[in-house]
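If you want the building blocks of each chain, they are given just below.
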Amino acid sequence: LFDDRTYKLGEPIDIVVELSARGEVEMREALVYLACEEHYWESYSVMVPDIKTGRQTGGIYGGLGSAAGYTPTPMIPRQVNKEIRETYVHSSVVFLTDTWIRPGWTDRHSIRLEVGPEPPPHASNATIKWRLEAEVDVARGRDVRQRYQVKMELP
């Protein structure tokens, strides 16, 4: 549980996490983190052979140009556009380690996630999605993860 509003970088997010289990469960670690997904395009130039103007000038031993009779194919720049989608953890807090949950009980934890003030690396040219994720590392069992979209305002 958290307030469904727009948060700012550097501002804490107060979260309440409730954990319950049908049987006795050992948890190695439980944490909450703010994940940032960046989606952007990167453009750069690469040199490629210009096959339209490249040419062979003679046989194996003869011809004009190089010693082997071959004129190297000229290189030309080519624009490449690459789509990039990266997700990383922006801020996180561990709130439980090496703990057991008993069946029939609900463990309630109030957590304050201190959101770092630094903007994502590609904030100026990316579409950015934010989400809060609660993750529990369960010993000898399937890990549990819940995701929730969150709104963040960038400077």
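Per chain, residues are indexed from 1 in the order of the written sequence. Residues qualify for local features only when their pLDDT is at least 70, as the model is predicted, and side-chain atom pairs are given and counted only at 80 or more; totals for whole chains, interfaces and linings, by contrast, use all residues. Only hydrogens and water are set aside when side-chain values are computed; all heavy atoms of the structure are taken into account.

(A) Here's a closer look at the overall build of the protein chain. Per the secondary structure count, the protein chain includes 0 helices and 7 strands. For the purposes of this entry, the term helix denotes a DSSP run of H or I that reaches at least four residues, the term strand denotes a run of E that reaches at least two, and both are numbered from the N terminus. Traced from its N-terminal end to its C-terminal end, the protein chain shows the element sequence β-β-β-β-β-β-β. A total of 155 residues make up the protein chain; the buried ones form 29% of that total. Just so you have it, the protein chain exposes about 10600 Å², and 50% of that area is on carbon and sulfur atoms. Burial classes follow relative accessibility: with a 1.4 Å probe on protein chains only, a residue under 20% of its type's maximum area counts as buried, one over 50% as exposed, and anything between as partly exposed. Only the protein chains shown count as cover for residues, and all accessible areas are computed by the Shrake-Rupley method using a 1.4 Å probe.

(B) Local environment of the pairing of strand β6 (residues 127–138). Between any two strands, pairing holds if DSSP finds at least two bridges. Direction of pairing for strand β3 (residues 25–49) relative to β6: antiparallel, over a ladder of 12 bridges. Bridge assignment links H39 to a residue of β6, and that residue is T127. The antiparallel pairing of β6 with strand β7 (residues 144–153) creates a hairpin that spans 5 residues between the two strands, and R140 there sits at a positive phi of about 55°.

(C) Spotlight on the environment of Y7. Within the secondary structure layout, Y7 lies in strand β1 (residues 6–8). You can call Y7 buried: its relative accessible area is 2%. Along the sequence, Y7 and M152 sit 145 residues apart, while their C-alpha atoms lie 4.8 Å from each other. Not counting the four nearest positions on each side in its chain, Y7 is found in contact with F2, P12, I13, V150, K151, M152 and E153. In this structure the side chain of Y7 is engaged in a polar contact, spanning 2.7 Å, whose partner is the backbone oxygen of D3. Residue contacts follow a heavy-atom distance rule, with two residues in contact if any of their heavy atoms lie within 4.5 Å. Whenever two N or O atoms come within 3.5 Å, that pair is a polar contact, provided that in protein one can donate a hydrogen and the other can accept it, and provided that, for residues adjacent in sequence, both atoms are side-chain atoms.

(D) Region of the structure containing the packing of aromatic side chains. Aromatic rings from Phe, Tyr and Trp, with only the six-membered ring used for Trp, were paired whenever their centres fell within 6.5 Å, and each pair was classed as stacked if the ring planes differed by under 30 degrees, edge-to-face if by over 60, and tilted otherwise. According to the stated counting rule, one finds 1 aromatic pair in the structure shown. Ring plane angle 70° and centroid distance 6.2 Å describe the contact between F2 and Y148, whose orientation is recorded as edge-to-face. Taken together, the positions of F2 in the segment before β1 and Y148 in strand β7 put the pair 146 residues apart, joining distant regions of the chain. The class of Y148 is partly exposed, set by a relative accessible area of 41%. Above the ring of W105, the side-chain terminus of R102 is found at 4.5 Å from the ring centroid. By the criterion adopted, a ring carries a charge over it if an Arg CZ or a Lys NZ lies within 6 Å of its centre and within 35 degrees of its normal.

(E) Seen up close, unusual backbone geometry. Within the chain, D98 stands out as a residue other than glycine whose phi angle is a positive 45°. One can find D98 in strand β4 (residues 75–101). With relative accessibility at 62%, the residue D98 sits in the exposed group. The backbone phi angle of R140 is positive, close to 55°, even though this residue is not glycine. Using a relative accessible area of 68% as the deciding quantity, one classes R140 as exposed.

(F) Region of interest: the environment of E11. As for its placement among the helices and strands, E11 is situated in the loop between β1 and β2 (13–20). Accessibility expressed as a relative area gives 23% for E11, which makes it partly exposed. As a C-alpha pair, E11 and M152 span 141 residues in sequence and 9.9 Å in three-dimensional space. Setting aside chain neighbours within four positions, we find E11 in contact with R5, L113 and V115. A distance of 2.7 Å separates polar atoms of two side chains, one belonging to E11 and the other to R5.

(G) Region of interest: the sheet that holds β4. Pairing in this open sheet of 5 strands is mixed, and the strands run β1-β7-β6-β3-β4 from one edge to the other. Each edge of the open sheet is held by one strand with a lone partner, namely β1 and β4. On average, adjacent strands in this sheet sit at an angle of 35° to one another, irrespective of strand direction. Bridge analysis of β1 against β7 gives 3 bridges, and the strand direction is parallel. What sits directly across from T6, in β7, is K151. For helices, the fitted line uses only the C-alpha atoms of the stretch in contact; every axis is such a line through C-alpha atoms, and the angle between N-to-C directions lies from 0 to 180 degrees.

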